[in-house]
Amino acid sequence: MNDETQLCEGLTRYVAGDCDPKEVQELSARLESDPAACDLLAEILMQGVALRELAQAHPKWVQATSRIAQRRLGWLSWRPLTAAAAGLVLGCFGASVAWALVTPKTTPVSISLPLIDESFENPDLTWPAGFPNHAGKWRGQPGRVVLEKVDAAPEAKDAAYMLQLDPTSVGFHRSYLFRIIDLKDLPLPAAGETRQIELTGSFHAASPGEDERYTLRMASFTQTPEEIRDLWATWDEMDDRTLTLVKNAQTIPASVTGWQTLSASVAVPRNARCVVISLGAGRDESKNKRTPHYIDDVHVRLLISPHTPFPGTEQP
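Structural notes, computed from the coordinates. (Residues numbered from 1 in each chain as written. Predicted model: local features only at pLDDT ≥ 70, side-chain atom pairs only at ≥ 80, totals over all residues. Heavy atoms only, no water.)

A short note on the packing of aromatic side chains
A complete count under the given rule lists 7 aromatic pairs for this structure. Summarising the aromatic geometry, the rings of Phe-203 and Tyr-214 are spaced 4.8 Å apart at their centres and angled 10 degrees between planes, so their arrangement reads as stacked. Here Tyr-214 lies in strand S7 (residues 212–221) and Phe-203 lies in strand S6 (residues 194–205), a separation of 11 residues in the sequence. Linked through ring pairs, Phe-131, Tyr-176, Phe-178, Phe-221 and Trp-232 together constitute an aromatic cluster. Over the aromatic face of Trp-138 sits the side chain of Arg-179, whose NZ or CZ is 5.0 Å from the ring centroid. (Phe/Tyr/Trp six-rings, centres within 6.5 Å; stacked < 30°, edge-to-face > 60°. Helix = DSSP H or I, 4+ residues; strand = E, 2+ residues; numbered from the N terminus. Lys NZ or Arg CZ within 6 Å of the ring centre and 35° of its normal.)

Some details on the sheet that holds strand S2 (residues 139–140)
Strand order in this open sheet of 5 strands is S2-S5-S10-S7-S8, and the pairing throughout is antiparallel. Pairing within the sheet leaves two strands with one partner each, and these edge strands are S2 and strand S8 (244–252). Sheet analysis places S7 next to strand S10 (residues 274–282), joined by 9 bridges and oriented antiparallel. The residue of S10 that forms the bridge with Thr-215 is Gly-280. (Pairing = 2+ DSSP bridges.)

Examining the environment of Gly-10
Assignment of secondary structure puts Gly-10 in helix H1 (residues 3–16). Among the residues examined, Gly-10 registers a relative accessible area of 4% and is labelled buried. For the pair Gly-10 and Glu-23, spaced 13 residues apart in the sequence, the C-alpha separation amounts to 7.7 Å. In this view, Gly-10 contacts Cys-19 and Leu-27; residues no more than four positions away in its chain are not counted. (Buried < 20%, exposed > 50% of the residue type's maximum accessible area, 1.4 Å probe, protein only. Contact = heavy atoms within 4.5 Å.)

Following this line, the structure appears as C-alpha cells:
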C-alpha cells in the first residue's frame, strides 16, 4: 500500500471516528506539517458529501455509487463529524469551510463522478482492431503501450507509459481509439438536473515537424452497446442516428511541440443508453507521411448539474 492510499484510508477513518488515539495523534501531526495531506482531507470531505447526496437523490444507484467510492474513499455511509474530526477540519481550513462541509445543503450541488481514468500503465494492454461490440474495453487502430523515452517515445504525460496508436495504411488519414460507456447503472438526472459526459485526452506526435490533427468525438444513443456497431458510420452520417453528438477537432501547427490536451462535453438525455467516445490523431498529407501518435492521460467524467450549463442543452 503506497503512502497516499494509506493516508487516504487513515483520514477516512478519522472523519468517521474510527481511529484509535495513536492514529489520531499521528494524523494530526501529519496534517500540521503536510499541506498535501490537508488537500487530501478536503477531497475526502467534499466527495463524501457529494456521494452521500447523490445516493439520497438516486437511491437505486447506491450500490453502483458504493463501488466507485470504494476505489478512492473506501466508504459511503457518511456519519456526522466527530468532535476530534471537526477540530481537525477547523485547524486545517477554518470555521467557514468546516461549517460548509458538515452542514446539510438545502440547494442542489453539482457532482462529478469518474468513469475512466486511463494512463495506460499496463504494458501488456492490447486491444482488438475496429469498432467496439461491447462496453468497457478499448478498440481501434492497432498499436501498443510503450515506455517513455524508449523507442523514440516522448516523456509520458502522466506516469511512465503511454499508448502508441499506429497510422492507418489505407482509407482514413487519422487513426482512432474507441470506447463505449454503458449508462445502464448510472443515475438519471433528477428534476431540474442535467447530465453530461466530459472527455479529456492528451496527444503527442511521434515525429514532429508537420501539422497534426487531433479529434475528440462523443455521441449518445438509445441503443445498447452491442447494437451500436451496426449504426456507426462516418461522422457526417451520425446526425440522424444519435441523440446528441459533439466534436472537438484541432489542427496543431508544426511549430507547436509537446503534449496537446483536448476536452469535450456531450449532453446525455434521460433516454440515452450508452455513449461512444472516440480519440483520433493523424495528418492530412499523403499516406507515406503518416506516422504513429501517442495518447495519454485520458479522463471521462459524468457531470450532474442542477441547471443547464450551456444554452440549448435542456434535456427531456
